[in-house]
Amino acid sequence: MSVHGWIILDKPLELGSTQAVRAVKRNLRQAGYNMKLKGGIKVGHGGTLDPLASGILPIALGEATKLTGRMLDASKTYDFTVKFGEETETLDLEGKVVAVSDLRPIAAEIAAVLPSFTGPIEQVPPAYSALMIDGVRAYDRARRGEAVDMPTRAVTIHALDLIDAGEDWATLRAHVSKGTYIRSLARDIALALGTRGSVTMLRRLSAGPFTLDHAISLDSLNEIGQGAPLETKLLPLEAGLVDIPALSLTPQQAGAVRQGRVLLGQPYPDGLYLARLGNVPVALMMLEGGSAKVERGFNLSDVAE
């Protein structure tokens, strides 16, 4: 049986992203779906979420796995709590404390520095991250005790708001571009306040078009393996493309597009389109000067049109 679409998991704490993908595969296998390497259902996630973080983890099935790269590039929204006074080596609860401060900022002081972290900023990623440094993961170097010189990167903080604050902590909400490290943002906010800080809570509220309203729990996911209908848990492939306008195709045009041919004379503005035959996604196409070229084709000819 062919399966194409998205399972949006509200990932619980202590479950890794790879473990979540395995849980999806296990449940599909238990439900009788073909999960063999060749000819089976492909499964992949659209953006790693650390075991110490919870929230939105988009998991793609079948032809939707061709869109995981777009999901990695999508903006995301997080709630996170910073504990002031201690900075750990990992910038979260997992690492040992490497710097302390007696200063505890009040809510008004925290709110006052947030505008300086909004918009395009330069950020140094954590040494304990999966970034490659000279062919080796940064966290592997850090765990060996090596000094890791992390390159600065440009990111964009679309919005940053103070949600709540206590004597030595603050919870914030951040809408950020791809490549943003919330742990680095927390560290830098604390430093701007003259203190130290690390993340004690991190929850992803959205990833691209997906929000918690689309998400299912791990318990709900496990119901698939116990006989619950998959279609009640699965969003269609095009749910990950709601921000892209549709381009309707005739059967003849759909056949040409499936062969990778260019469509000429398209009377639409330049940009990316989801080309469809009826309700069936055929391809992502880039339209430029009236010519539409295939960016990514979908093998969905087996779906009823």
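Please read all numbers here as calculations on a predicted model, not as lab measurements.

### Digging into the environment of Thr250
Reasoning step 1: Structurally, Thr250 can be placed in the loop between strand S14 (246-248) and helix H7 (251-258).
Reasoning step 2: With relative accessibility at 34%, the residue Thr250 sits in the partly exposed group.
Reasoning step 3: Through-space distance from the C-alpha of Thr250 to that of Arg276 is 8.8 Å; in sequence the pair is 26 residues apart.

### Some words on the layout of surface pockets
Reasoning step 1: Within this model, the largest pocket holds a volume of roughly 1100 Å³.
Reasoning step 2: As for the largest pocket, its lining consists of 37 residues, of which Thr48, Asp50, Ala130, Tyr181 and Arg183 are closest to the centre.
Reasoning step 3: Listed by contribution, the elements that provide at least two residues to the lining of the largest pocket are helix H1 (17-30), helix H2 (68-73), strand S4 (76-84), helix H4 (138-143), helix H5 (182-192) and strand S12 (197-207).
Reasoning step 4: For the lining of the largest pocket, a count of residues per class yields 13 nonpolar, twelve polar and twelve charged.

### Observations concerning the nonpolar core
Side chains of a nonpolar character, in soluble globular proteins, are inclined to be buried together.
Reasoning step 1: Core analysis: the largest hydrophobic core is formed by 47 residues, its most contacted members being Ile7, Leu28, Val43, Leu61, Phe80, Leu160 and Leu185.
Reasoning step 2: Residue contacts for Val43: discarding those within four places in its chain leaves Val21, Val24, Lys25, Leu28, Met35, Ile59, Ala60, Leu61 and Thr65.

### Things to note about the packing of aromatic side chains
Reasoning step 1: Considering all chains together, one arrives at two aromatic pairs under this definition.
Reasoning step 2: Ring geometry for Trp6 against Phe210: centres 5.3 Å apart, planes inclined by 55 degrees, an arrangement best described as tilted. Placement of the pair is Trp6 in strand S1 (residues 5-11) and Phe210 in strand S13 (residues 210-211), with a sequence separation of 204 residues.
Reasoning step 3: A centroid spacing of 6.2 Å and a plane angle of 45 degrees characterise the contact between Tyr268 and Tyr273, whose relative ring orientation is tilted.
Reasoning step 4: A relative accessible area of 41% places Tyr268 in the partly exposed class.
Reasoning step 5: With relative accessibility at 7%, the residue Tyr273 sits in the buried group.

### Looking at the UniProt feature "active site" (unreviewed entry) in the protein chain
Reasoning step 1: Look at the UniProt record and you will see "active site" (unreviewed entry) annotated at Asp50.
Reasoning step 2: Asp50 sits in the partly exposed class, given a relative accessible area of 32%.
Reasoning step 3: In this structure, Asp50 is in contact with Lys11 and Arg183, ignoring residues within four places of it in sequence.

### Observations regarding the environment of Ser17
Reasoning step 1: Take Ser17: it is sitting in helix H1.
Reasoning step 2: Residues Ser17 and Ser291 lie 274 residues apart in sequence; the distance between their C-alpha atoms is 39 Å.
Reasoning step 3: Sequence-distant contacts of Ser17, defined by excluding residues within four places in its chain, comprise His45, Gly47, Thr48, Leu49 and Leu57.
Reasoning step 4: Engagement of the side chain of Ser17 in a polar contact is seen with the backbone nitrogen of Leu49, the distance being 2.7 Å.

### Quick notes on H7
Since the α-helix advances by 3.6 residues per turn, residues separated by three or four positions end up pointing in the same direction.
Reasoning step 1: The complete set of buried residues in H7 reads Ala254, Ala256 and Val257. Along the axis of H7, the buried positions cluster into a sector of 160 degrees, meaning they face one direction only. Of the exposed residues in H7, the ones pointing more than 90 degrees away from its buried face are Pro251 and Gln252.
Reasoning step 2: Buried-residue contacts for H7 involve strand S15 (271-277), strand S16 (280-288) and strand S17 (291-297).
Reasoning step 3: Where H7 terminates, the next one or two residues include Gly260, which has phi positive at roughly 85 degrees.

### Remarks on a positive patch on the surface
Reasoning step 1: Taken together, Arg22, Lys25, Arg26 and Arg29 make up a surface patch of like positive charges.
Reasoning step 2: Assignment of secondary structure puts Lys25 in helix H1.
Reasoning step 3: Looking at Lys25, the relative accessible area reads 31%, which means it is partly exposed.

### So, the UniProt feature "domain: tRNA pseudouridylate synthase B C-terminal" (unreviewed entry) in the protein chain
Reasoning step 1: The UniProt feature table records "domain: tRNA pseudouridylate synthase B C-terminal" (unreviewed entry) at residues 183-241.
Reasoning step 2: Between the end C-alpha atoms of residues 183-241 there is a gap of 29 Å, over a span that is 25% helix and 22% strand.

### What to know about the pairing of S4
Reasoning step 1: Counted residue by residue, S4 has eight buried out of nine residues, so it is predominantly covered.
Reasoning step 2: Sheet topology note: the S4/strand S11 (residues 169-176) ladder contains eight bridges and is antiparallel. Looking at the pairing, Lys83 lines up with Trp169 of S11.
Reasoning step 3: Sheet topology places S4 next to S12; nine bridges connect them, and they run antiparallel. Bridge pairing in S12 links Lys83 to Ser198.

About the criteria used
- Residues numbered from 1 in each chain as written.
- Predicted model: local features only at pLDDT ≥ 70, side-chain atom pairs only at ≥ 80, totals over all residues.
- Heavy atoms only, no water.
- Helix = DSSP H or I, 4+ residues; strand = E, 2+ residues; numbered from the N terminus.
- Buried < 20%, exposed > 50% of the residue type's maximum accessible area, 1.4 Å probe, protein only.
- 1 Å grid on protein atoms, 1.4 Å probe; cavity = no way out; pocket = protein on both sides within 12 Å on 5 of 7 lines; lining within 4 Å.
- Points joined across faces, edges and corners; volume = space filled by probe spheres on them.
- Nonpolar A, V, L, I, M, F, W, Y, C, P; charged D, E, K, R; others polar.
- Core = buried A, V, L, I, M, F, W, Y, C linked by side-chain atoms within 4.5 Å.
- Contact = heavy atoms within 4.5 Å.
- Phe/Tyr/Trp six-rings, centres within 6.5 Å; stacked < 30°, edge-to-face > 60°.
- UniProt positions renumbered as here; feature names shortened; annotations may be inferred.
- Polar contact = N/O pair within 3.5 Å; in protein donor to acceptor, adjacent residues only side chain to side chain.
- Arc of directions from axis to C-beta.
- Patch = residues over 30% accessible without salt bridge, like charges linked within 9 Å, V, L, I, M, F, W, Y side chains within 5 Å.
- Areas by Shrake-Rupley, 256 points an atom, 1.4 Å probe, with all protein chains shown as cover.
- Salt bridge = Lys/Arg side-chain N within 4 Å of Asp/Glu carboxyl O.
- Lys, Arg positive; Asp, Glu negative; His and termini not counted.
- Charge placed at Lys NZ, Arg CZ, Asp CG, Glu CD.
- Pairing = 2+ DSSP bridges.

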